[in-house]
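Structural overview for review
Here are the chains, one letter per residue:
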Amino acid sequence: AFRRRHVLIMAAAAPQSVNFEEVSKAFTQHFYMTFDTNREGLASLYTDQSLMTYEGTQIMGQAAIMNKYRSLGFNQAKHNIKTQDAHPNPLQPNAVIVFVTGDLQIEGQEYPMKFAEVFHLVQTGASFIIANHIFRLNIG
């Protein structure tokens, strides 16, 4: 799991910074595997201060974000990640910005949809939380 793997990543990081590429890869793998198999398992990645923008609508806090996930209208999804980019946050040494693009296949849909997502991850103790999260389908 991301949290367990992340502890190993942090042990190898410099005291004032993180290995942002490793954190990004571990997070991305964990997030999408969890979304696709057990969406409720994403709750621990958010806090009451987390902010998500989902298709232009802002959603604040863990409970509201999880309610959004529950209201999506589908139970099964499969993400196929095409690209993943990561940056350290120079103003916040233990934070990582992750940008992901890919295909989203939803149950009952014949063709996958293109999506793009941005995560701002912030270290809290021995793990990372999602401070900011932006999701957009690339349609139109």
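Basis of the calculations
- Residues numbered from 1 in each chain as written.
- Predicted model: local features only at pLDDT ≥ 70, side-chain atom pairs only at ≥ 80, totals over all residues.
- Heavy atoms only, no water.
- Helix = DSSP H or I, 4+ residues; strand = E, 2+ residues; numbered from the N terminus.
- Buried < 20%, exposed > 50% of the residue type's maximum accessible area, 1.4 Å probe, protein only.
- Contact = heavy atoms within 4.5 Å.
- Polar contact = N/O pair within 3.5 Å; in protein donor to acceptor, adjacent residues only side chain to side chain.
- pLDDT = per-residue confidence, 0-100.
- Core = buried A, V, L, I, M, F, W, Y, C linked by side-chain atoms within 4.5 Å.
- Pairing = 2+ DSSP bridges.
- Axes fitted to C-alpha atoms, helices over the stretch in contact; angles between N-to-C directions.

Looking now at the environment of Gln 84. Residue placement: Gln 84 occurs in strand S3 (residues 77-88). Exposure remark for Gln 84: the relative accessible area of 27% places this residue in the partly exposed category. Separated by 60 residues in the primary sequence, Gln 84 and Ser 24 place their C-alpha atoms 8.2 Å from one another. Not counting chain neighbours up to four residues away, the residues in contact with Gln 84 comprise Ser 24, Lys 25, Thr 28, Val 98, Phe 99 and Val 100. A distance of 2.5 Å separates a polar atom in the side chain of Gln 84 from a polar atom in the side chain of Ser 24. A polar contact is formed between the side chain of Gln 84 and the side chain of Thr 28, at a distance of 3.4 Å.

As a further point, take the confidence of the model for the protein chain. In regions of low pLDDT, the predicted coordinates are not meant to be interpreted in detail. Across the protein chain, pLDDT averages 89, with 87% of residues at or above 70. Low pLDDT (under 50) marks residues 1-16, which in the prediction has 30 contacts with non-local residues, meaning those over four places away or in another chain.

Ranked by size, the top nonpolar core spans 31 residues in total, and within it Phe 31, Tyr 46, Tyr 69, Phe 119 and Leu 121 carry the most contacts. At the level of secondary structure, the elements contributing two or more residues to this core comprise helix H2 (20-37), strand S1 (51-54), helix H3 (62-70), S3, strand S4 (95-106), strand S5 (113-124) and strand S6 (127-137). Excluding anything up to four places from it in sequence, Phe 119 contacts Phe 27, Phe 31, Tyr 32, Val 96, Ile 97, Val 98, Val 100, Ile 130, Asn 132 and His 133.

The next point concerns the sheet that holds S6. In sheet architecture, strand pairing relies on hydrogen bonds along the backbone and comes in two forms, parallel and antiparallel. With mixed pairing, six strands are arranged side by side in an open sheet as S2-S1-S6-S5-S4-S3. Every other strand in the sheet has two partners, leaving strand S2 (57-60) and S3 as the edge strands with one partner each. Each adjacent strand pair in this sheet contributes to an overall mean axis angle of 25 degrees, direction not counted. Pairing between S3 and S4: eleven bridges, direction antiparallel. Each bridged residue has a counterpart across the sheet, and for His 87 the counterpart in S4 is Ile 97. The sheet contacts of H3 involve S1, S2 and S6, and relative to S2 the element is tilted by about 125 degrees.

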